[in-house]
Amino acid sequence: MGLLAGPLLGTRATAADAPPVARVTRRWPTGNARLFPPAVAGERILCAGDRTLASIDPAAGAPSWLVEHGLPEGAVFRPRADAATAVCGGRRELGAWRLDSGAGIWRCPARQQFGVPCLHGDRILVGDGHELRCLALADGTEIWRFAATADTQISYAPAAAGATVFVGPGDGRLHALSLADGAPRWTLDGMATWQYLRQLHVGDGILVAGSYKETLHGIDIATGRQLWEFNAGNFINSHHLADGVAYLWSPTGWLYAIDAASGQVRWRLRTTDYRGGRSDWAALLAELTTRDGRLYALDLGHVLHVLDTVSGKEVARLRLPEPVRPYVLPLGGRRIACGAENGELLLVEI
């Protein structure tokens, strides 16, 4: 288990009586009643919702293109893209569109129910019921399938590094598979420890996995050997891995930055002591995300907290001007994108 280390132990979040309100500088109608998390694709933003998929230039007043995707029950997952192709989907169907024009390329129906997809090179890896399917990005054809335990559901995204795919199918096991043909390379049975894994992220030879229980795990991707375990003291809903650091917020009222190689805590920040103080954060609304040395945390009070990733110091605290959907997309240059409750995509200056 990682040991607490560093000069910032016990540091309180910066007090603020009334956070300033961030300024919305642009609004893009998308034709959606519900807009799901967007993604950065080069210099553009890809966003999808219950009706449409759109490509947006942050400097333009209207989307570069906007198409009705026709996905049954709408898009659910964050779009994925390489230099030429955008992938968008929901639980019943995945599709691909040309990134330059929005023209449709292919559609692939689910056999049972799709989970969150992973785009890796020229392959799409996605859970479909208890099976992991590997699809060709070019035309959506299936390359291979790997069957996990029947009656389980691969809901969370697999992860991939080089020629290896990692998947936790919900039965307490973690599988490493060959990207070429889906052949097993190793399996780690963690049912007694973690029950099942909720999120997988890979960086620098380490797989960082968040469990259904209260633990975060660092695993050697070559051997499947567990290197460290960190107990957050409460339920881990999500974590974020960037530049060798895993970030997570615990309902115990602490935000942690954990070294992915050693499991040691680089810093921690107390976000609330549950006594109702003015400096207390609300519980987090959105997944943590980073960009350009800043960590972004959006809480249930629609207050955006911006932290320095090296020190953990809170460098900005702003209230968003209206209730938004539970995600934040940093764009660099003191800008973020977020989704309004009416389906618009907002550009916000921070």
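Residues numbered from 1 in each chain as written. Predicted model: local features only at pLDDT ≥ 70, side-chain atom pairs only at ≥ 80, totals over all residues. Heavy atoms only, no water.

Enquirer: Please clarify how the pattern of salt bridges should be interpreted in this entry.
Expert: Applying the stated criterion across every chain yields a total of 17 salt bridges. A salt bridge links R123 to D122, with the nearest nitrogen and oxygen atoms 3.5 Å apart. Judged by relative accessible area, which is 17%, R123 ranks as buried. When its relative accessible area of 53% is taken as the criterion, D122 is described as exposed. A salt bridge links R173 to D171, with the nearest nitrogen and oxygen atoms 3.1 Å apart. By sharing partners, the salt bridges in this structure join R111, D128, E131, R133, E142 and R145 into a single network. (Salt bridge = Lys/Arg side-chain N within 4 Å of Asp/Glu carboxyl O. Buried < 20%, exposed > 50% of the residue type's maximum accessible area, 1.4 Å probe, protein only.)

Enquirer: Is there a simple way to think about the nonpolar core in this case?
Expert: It is characteristic of soluble globular proteins that their nonpolar side chains tend to be buried jointly. The biggest cluster of nonpolar side chains holds 16 residues, and the ones touching the most others in it are Y296, L298, L304, L320, I336, V348 and I350. The set of elements that each furnish at least two residues to this core consists of strand 27 (294-298), strand 28 (303-308), strand 31 (335-339) and strand 32 (345-349). Non-local contacts of V348, meaning those with residues more than four positions away in its chain, are made with A22, R23, V24, L320, R334, R335, I336 and C338. By size, the runner-up hydrophobic cluster in this structure holds 15 residues, among which are A232, A246, A260 and V265. (Core = buried A, V, L, I, M, F, W, Y, C linked by side-chain atoms within 4.5 Å. Helix = DSSP H or I, 4+ residues; strand = E, 2+ residues; numbered from the N terminus. Contact = heavy atoms within 4.5 Å.)

Enquirer: What's the story with the sheet that holds strand 3 (residues 44-48) in this structure? I'm lost.
Expert: Pairing between sheet strands relies on hydrogen bonds along the backbone, with the strands arranged either parallel or antiparallel. The 4 strands lie next to each other as 2-3-4-5, forming an open sheet whose pairing is antiparallel. What marks the edges here is a single partner per strand, and that holds for strand 2 (39-41) and strand 5 (65-68). Pairs of neighbouring strands in the sheet enclose a mean axial angle of 20°, with direction left out of account. The pairing of strand 4 (residues 52-56) with strand 5 spans 4 bridges and is classified as antiparallel. Residue pairing in the sheet places S55 in a bridge with W65 of strand 5. (Pairing = 2+ DSSP bridges. Axes fitted to C-alpha atoms, helices over the stretch in contact; angles between N-to-C directions.)

Enquirer: Could you clarify how one ought to interpret the packing of aromatic side chains in this entry?
Expert: Aromatic ring pairs: the centre-centre distance and the angle between the two ring planes describe each pair. Across all of its chains, the model carries 5 aromatic pairs by this definition. Each ring, one from F230 and one from Y256, has its centre 5.0 Å from the other, and the planes form 70°; the classification is edge-to-face. With F230 in strand 21 (residues 226-231) and Y256 in strand 24 (residues 254-259), this residue pair connects regions lying 26 residues apart in the sequence. Its relative accessible area of 7% is what places Y256 among the buried residues. Just above the ring of F36 sits the side chain of R325; from NZ or CZ to the centre is 5.8 Å. (Phe/Tyr/Trp six-rings, centres within 6.5 Å; stacked < 30°, edge-to-face > 60°. Lys NZ or Arg CZ within 6 Å of the ring centre and 35° of its normal.)

Enquirer: Just to check I follow, could you spell out the sheet that holds strand 12 (residues 131-136) for this structure?
Expert: Across the sheet, 4 strands lie side by side as 10-11-12-13; this open sheet has antiparallel pairing. The strands lining the two open edges of the sheet, one partner per strand, are strand 10 (118-120) and strand 13 (142-147). Adjacent strand axes in the sheet meet at a mean angle of 20° when their direction is disregarded. Here strand 11 (residues 123-128) pairs with strand 12 via 6 bridges, running antiparallel. Within strand 12, the residue paired with R123 across the bridge is A136.

These values are about where atoms sit, not about what they do.
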